[in-house]
Amino acid sequence: MLAHAMSSTLKARGALAAASLLLAAPVLAQEPQASPPPADAAAPAPAQAQPTITKPPELVQQVEAQYPPEALAQGLTASVRLIITIADDGSVAEVLPTEPVGNGFDEAAIEAVRQFRFSPAEVDGVPAAVQVEYVYHFTLNPSAPEEGAEQAEAEQPKATLTGQLISRGSRSRVPNATVRCGDDPEAPEALSDEDGRFTLEVPAGTCEVRVVATGFQLYQTKEELKPNETTEVNFYLAPSGGGLETVVRSERPKKEVVRRTITRQEAQKTPGSFGDPIRVIQSLPGVARAPFISGELLVRGSNPGQTATMMDGVRIPLLFHLLGGPSVVNAEFIEQLDFFPGGYGSQYGRAVGGIVEVGTRKGASDTLHGSVKVDLLDAGFFLESPITDGISVAAAARRSYIDTILPAVLPETEGGTLSVVPRYWDYQLRVDFGAKRGDDTTVSAGGARSSGYIMAFGSDDQLRVVSTGPETERDLELDTHMNFHRVKGDWTYRKGALTSVFTPFVGMDRNDIEFGLAKQDATTYTLGAREVLGIELSSALTLRTGLDLVFEHERYDVSFPAQGGVEYVPFPGAEPVGQQIEEQIALNAFDGALFLEADLKVGRFTLTPGVRGNLQSVGNTRNLALDPRLWVRFAATSRTNLKGSLGLYSQPPETFRFITAPYGNPDLAYQRAFQSSLGVEHRITDVLNLDVTGFFNRRFENVVSPGRLVTNEGGGVFELPYSNDGIGRAYGVEVMVKKERASATDKWSGWLSYTFSRAEDGRAGPRPLGGGFTDGGATPEDSMYGLSPWDQTHILTLVASYVLGNGWELGTRFRYTSGRPMTPLARGYDVYDADRNRFNATFGPYFSDRSGGFHQLDVRVDKSWQFQSWTLTAYLDVQNLYNAQNVEFVFNDYRYRREYEVPGIPILPVVGVKGSF
């Protein structure tokens, strides 16, 4: 003991803060975010399962710190807060102070803690590296008790202090916190349970209460305890500012070269996102900027619709509301967001681009919590509460009123106006059973553990566009109404090394479009199920297999004019007279997949080979596709990892494209893509990380419109509306440098991302009669590449956040992207079509020009007021702070002599308030 070595009047004592290293939920860290860790860690859970701490580390060897001589001479005491990185073998890999106290205490504590030994922590049952907060107390020993003092103390009457620890501002219970009376190292202490409750028996009299909890400021107060009585209290602990959270560096194999995980707390305050975590995806490497009004995700040169968006493992038709609005999930309902730009494992399919998966959170297990948010765009609420032991519920809803504001800020074009009026709402409801938050399973008979939930969610969008102009004297009307609903179940069963997750779901989608005389009412009913079965055979080998099945019934009611060019034209200068065609079409489609993959560790190498077999059946069409995939990682050093992947990916064409000719093509096949990547990730410091990834993707057999030319039996030539003649390729480099907060006193965080890429689209075989790539017309060339309409050579994003203090936080985001390719007008002469009484355009070389580059600065300021039971936050989120005139659309006059540029949103300040409890 240190007391024996130095003096009989002093003693150093180490204490674990907040329940001796019990861990909180994962937060964003570069290592789990950007690359897969070694495979000898925790047994992998299915895609939607989150890593769970199944065994916290325990201190097995403690080393006493040397009391600083100057502090001893002055009679000083101190408590040093440290962040300890515990390796998967229980050794201490790194020690960092969070709040330096000076006087030599920090150095002494760090030197001692570096020699500690712990029992390894386990994530999902397998040893894993974790990061925890630890408080080392330096206290002075009291003088030796006088004779008879011990007997007097034993006869001193006792009192009981009991109560509950509550997070100030949110009413969340604080588990695993240490409660003690005074600074005496021999004083009794208690540990709060999952509900934040504690009971402490101490001598009667004045109790100088000290509460130490991870992520909270030190709490101190005084309580007068009467002899032989119980005093019940509630202590409200102040969070330490949000910058310091326990970090779990999960060692689950992720089977992806790049997986960027975003937590709700970090993403909600990203400028330009309006508090919507999912919109932060648009600021990550590899994601091109979608045009105004579009909520599409353009990932690594892929086209719209080629990146799958999922919610809790179930695919949804759209991720963002129309007009580039917020995501279809209430921000408070999001637990985390996983974004895979490419190279993902065989559990995922039906996409030749990337994957976005939104994970929702279960309801609170302690008490009722909620929030209400109101700003200039929409208003929404979120509620979560326990129903009974082991059952909790969470619900959210939102409604916009942007349709009353947007027309006042949209730009006007010369000679006309463009009015875009959206309206949306969404909802989510989730009921969990069998587990509380932080415990994913409930132990049942036979050692098996199970949990599950039922969830319903959906959204509704309406959009109406009216374009008028005196020069055209014609109205363009577009009415769009889209909504979807899903109900899904989830049952997770674990026993020993076996894990099973079964996810059934049903859904309904509606898509009604009215464009002039053309109308379409489409309804899709979906029934599906997913089963993922994993087993850990050894510390070096884990296997996963499963089924992924979807059945769709689609019905279309359409009304549209007959195709142009075949109607009778009564006289020059009049519009063609054609018949209005009405159709009712129904289609059934099935798409199923069987996948198998393994995690294998050999020395410093971690390999994840996998294969996914796909089967599609629509009408009389049967399609098969086999997708082998491989992911490899090499741990070069403790801070540097090399990574790479390659594989095939398949995506079925949309069911409506299988309609019989002349409206569709029932002979379509799977769209395919080859994806490859190679990269390096390096941990420069504990808070600064670098990730560099190069990629090359090639798409083939993609669906294009118009389709190929076919010859009828009679010798006539017919052009299919769709065919699998699309090809494409994309290559580039992604760079991301991320700075995290090291502690509650670290004010800065953010990231810099840059993508250099080139995206090309093309056709295999003859080009269509309507033109393409150059001057139009059919050609016998076997293949032809040209720039993709979505190509953006340079994409630069800088995001920074600074904690000003006293509840103030400032954030900024700057974005720059290269202009999109465009085909310029050839203004040499007018081409007048007398039969149709209109001018036709004459264009120059295909995509030989670009629009101006896009650049925009967004700023967000938050101010929070923390009351005892709730928190009020006001924010100002300003998009396009310096009012850049970024071109979003180009219109032409009726003679096609002049182009009119329509800018996107002007400076757009959004003021809002949010109350949470």
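Novice: Could you clarify how one ought to interpret the overall build of the protein chain in this entry?
Specialist: In terms of regular secondary structure, the protein chain is built from seven helices and 55 strands. Looking at the protein chain alone, contacts between residues at least 24 apart form 68% of all its contacts between residues at least 6 apart. Within the structure as shown, the protein chain displays about 38900 Å² of accessible surface, and the carbon and sulfur contribution to it stands at 56%.

Novice: Explanation requested: the sheet that holds strand S16 (residues 230-237) in the structure shown.
Specialist: Note: strands within a sheet are paired through backbone hydrogen bonds, in either parallel or antiparallel orientation. The strand order across the open sheet built from three strands is S13-S10-S16, with neighbouring strands paired in mixed fashion. Each end of this open sheet is capped by a strand with a single partner; those strands are strand S13 (197-203) and S16. Sheet twist, expressed as the mean angle between neighbouring strand axes with direction ignored, is 30 degrees. By the bridge criterion, seven bridges tie strand S10 (residues 158-167) to S13 in an arrangement that is antiparallel. Of the residues in S13, the one forming a bridge with alanine 159 is valine 202.

Novice: Which parts of the structure should I look at to understand the pairing of strand S37 (residues 640-651)?
Specialist: Working note: regular strand, side chains alternate between the two faces of the sheet. Counting buried positions along S37 yields nine of twelve residues, so the element is predominantly enclosed. As paired strands, strand S36 (residues 621-635) and S37 are joined by seven bridges and run antiparallel to one another. Along S37, the bridge assignment pairs alanine 635 with asparagine 641. The loop that links S36 with its antiparallel partner S37 comprises four residues. In terms of strand pairing, S37 meets strand S38 (residues 671-683) through twelve bridges, oriented antiparallel. Within the sheet, the bridge partner assigned to leucine 642 lies in S38 and is valine 680.

Novice: I would appreciate a short explanation of the side chain of asparagine 702 in the present structure.
Specialist: With respect to the helices and strands, the residue asparagine 702 is situated in strand S39 (residues 688-704). Under the relative-accessibility criterion, asparagine 702 is labelled buried at 4%. Of the polar contacts made by the side chain of asparagine 702, one reaches the backbone oxygen of arginine 672; its length is 3.2 Å. Side chain to side chain, asparagine 702 and arginine 699 meet in a polar contact 3.5 Å long.

Novice: Whenever I open this one, helix H5 (residues 105-113) confuses me. Can you help?
Specialist: Each α-helix winds once per 3.6 residues, and so residues spaced three or four apart point in a common direction. Across the nine residues of H5, seven count as buried, placing the element largely inside the fold. Within H5, burial applies to Phe105, Asp106, Ala108, Ala109, Ile110, Ala112 and Val113. Those residues of H5 that are buried are in contact with helix H4 (69-74), strand S4 (78-86), strand S5 (92-97) and strand S9 (130-140).

Novice: Help me understand the state of the cysteines, please; the structure alone is not making it clear to me.
Specialist: Under the definition given, this model contains one disulfide. Disulfide pairing is shown between cysteine 181 and cysteine 207; the S-S distance is 1.8 Å. On the S-S bond that ties cysteine 181 to cysteine 207, the torsion sits near -90 degrees, and the link is left-handed. Taken together, the positions of cysteine 181 in strand S11 (residues 178-181) and cysteine 207 in strand S14 (residues 205-212) put the pair 26 residues apart, joining distant regions of the chain. Per residue, the accessibility class of cysteine 181 equals that of cysteine 207, and both read buried.

Novice: Would you explain the nonpolar core in this entry?
Specialist: Taken as a class, soluble globular proteins show a tendency for nonpolar side chains to be buried jointly. Ranked by internal contacts, the top residues of the largest apolar core, which has 30 residues, are Ile278, Ile281, Leu319 and Val329. At the level of secondary structure, the elements contributing two or more residues to this core comprise strand S22 (334-340), strand S23 (355-360), strand S26 (391-400) and strand S29 (449-468). Among the nonpolar cores identified, the runner-up in size contains 24 residues, and Tyr67, Ala78, Ala109 and Val113 belong to it.

Novice: Honestly, the environment of glutamate 232 in this entry has me stumped. Any pointers?
Specialist: Within the fold, glutamate 232 resides in strand S16. Of the residues examined, glutamate 232 reaches a relative accessible area of 63% and is grouped as exposed. With 72 residues separating them along the chain, glutamate 232 and threonine 160 place their C-alpha atoms 8.4 Å apart. Not counting residues within four places of it along the chain, the set of residues in contact with glutamate 232 comprises Thr162 and Gly163.

Novice: Help me understand unusual backbone geometry in this model?
Specialist: In most cases, non-glycine residues show a negative phi, while peptide bonds are predominantly trans. Cis geometry marks the peptide bond from serine 705 to proline 706, where omega comes out at 0 degrees. Along the polypeptide, proline 706 turns up in the loop between S39 and strand S40 (709-711). The backbone phi angle of asparagine 103 is positive, close to 60 degrees, even though this residue is not glycine. By relative accessible area, which is 48% here, asparagine 103 ends up partly exposed. With phi around 60 degrees, arginine 350 is a residue other than glycine that occupies positive phi space. By the element assignment, arginine 350 lies in the loop between S22 and S23. Judged by relative accessible area, which is 13%, arginine 350 ranks as buried.

Novice: Before we go on, may I ask you to explain the sheet that holds strand S15 (residues 219-225) in this structure?
Specialist: In spatial order, the strands read S12-S11-S14-S15; together these four strands make up an open sheet with antiparallel pairing. The two strands at the open ends of the sheet, each matched to only one other strand, are strand S12 (189-191) and S15. The sheet shows a mean angle of 25 degrees between the axes of neighbouring strands, taken without regard to direction. Bridge analysis of S11 against S12 gives three bridges, and the strand direction is antiparallel. Counterpart to valine 179 in the pairing with S12 is alanine 190.

Novice: Looking at this structure, I do not really get the pattern of salt bridges. What am I missing?
Specialist: Where charged atoms from two side chains of opposite charge approach closely, those side chains can pair. Taken as a whole and judged by the stated rule, the model has 37 salt bridges. Across the pair aspartate 548 and arginine 350 runs a salt bridge whose closest N-O atoms are separated by 3.1 Å. Remark: arginine 350 occurs in the loop between S22 and S23 and aspartate 548 occurs in strand S33 (residues 541-561); sequence separation between them is 198 residues. As far as the burial class goes, aspartate 548 and arginine 350 line up, both buried. Of the charged contacts in the structure, one is a salt bridge between aspartate 691 and lysine 643, with a shortest N-O distance of 2.6 Å. With aspartate 691 in strand S39 and lysine 643 in strand S37, the pair connects residues that are 48 residues apart, well separated along the chain. Owing to a relative accessible area of 3%, lysine 643 belongs among the buried residues under this scheme. The structure contains a network of salt bridges with shared partners spanning Arg350, Arg530, Asp548, Asp591 and Arg612.

Novice: Looking at this structure, I do not really get the packing of aromatic side chains. What am I missing?
Specialist: Here the distance between the centres and the angle between the planes together describe a pair of aromatic rings. Evaluation of the coordinates by the stated rule reveals 20 aromatic pairs. With a centroid separation of 6.0 Å and 20 degrees between ring planes, the pair formed by phenylalanine 198 and phenylalanine 235 is classed as stacked. Of this pair, phenylalanine 198 sits in strand S13 while phenylalanine 235 sits in strand S16, placing them 37 residues apart in sequence. Note on phenylalanine 198: relative accessible area 2%, which makes it buried. Ring centres of phenylalanine 333 and phenylalanine 382 lie 5.6 Å apart, and the angle between their planes is 90 degrees; on these two criteria the pair is classed as edge-to-face. Placement of phenylalanine 333 in the loop between strand S21 (314-315) and S22 and of phenylalanine 382 in strand S25 (residues 378-388) is noted, with a sequence separation of 49 residues between them. Take phenylalanine 333: its relative accessible area is 0%, and that puts it in the buried class. With relative accessibility at 1%, the residue phenylalanine 382 sits in the buried group. Among the aromatic residues, ring-to-ring pairing joins Phe116, Phe118, Tyr134 and Tyr136 into one connected group. Directly above the aromatic system of phenylalanine 854 lies the positively charged group of arginine 289, at a separation of 3.7 Å from the ring centroid. Positioned above the aromatic ring of tyrosine 453 is the side chain of arginine 430, whose terminal nitrogen or guanidinium carbon lies 3.7 Å from the ring centre.

Novice: I would appreciate a short explanation of the environment of phenylalanine 381 in the present structure.
Specialist: Topologically, phenylalanine 381 is positioned in strand S25. The partly exposed category is assigned to phenylalanine 381, whose relative accessible area is 36%. Taking the C-alpha atoms as reference, phenylalanine 381 lies 9.4 Å from lysine 914; in sequence the two are 533 residues apart. Excluding its chain neighbours within four sequence positions, the residues that come into contact with phenylalanine 381 are Asn330, Ser371, Val372, Ala395, Ala396 and Ala397.

Novice: Looking at this model, I keep getting lost on the side chain of arginine 361. Mind explaining?
Specialist: Within the secondary structure, arginine 361 sits in the loop between S23 and strand S24 (369-375). Looking at arginine 361, the relative accessible area reads 6%, which means it is buried. In this structure the side chain of arginine 361 is engaged in a polar contact, spanning 2.7 Å, whose partner is the backbone oxygen of glutamate 332.

Cut-offs applied
- Residues numbered from 1 in each chain as written.
- Predicted model: local features only at pLDDT ≥ 70, side-chain atom pairs only at ≥ 80, totals over all residues.
- Heavy atoms only, no water.
- Helix = DSSP H or I, 4+ residues; strand = E, 2+ residues; numbered from the N terminus.
- Contact = heavy atoms within 4.5 Å.
- Areas by Shrake-Rupley, 256 points an atom, 1.4 Å probe, with all protein chains shown as cover.
- Pairing = 2+ DSSP bridges.
- Axes fitted to C-alpha atoms, helices over the stretch in contact; angles between N-to-C directions.
- Buried < 20%, exposed > 50% of the residue type's maximum accessible area, 1.4 Å probe, protein only.
- Polar contact = N/O pair within 3.5 Å; in protein donor to acceptor, adjacent residues only side chain to side chain.
- Disulfide = S-S within 2.5 Å.
- Core = buried A, V, L, I, M, F, W, Y, C linked by side-chain atoms within 4.5 Å.
- Salt bridge = Lys/Arg side-chain N within 4 Å of Asp/Glu carboxyl O.
- Phe/Tyr/Trp six-rings, centres within 6.5 Å; stacked < 30°, edge-to-face > 60°.
- Lys NZ or Arg CZ within 6 Å of the ring centre and 35° of its normal.

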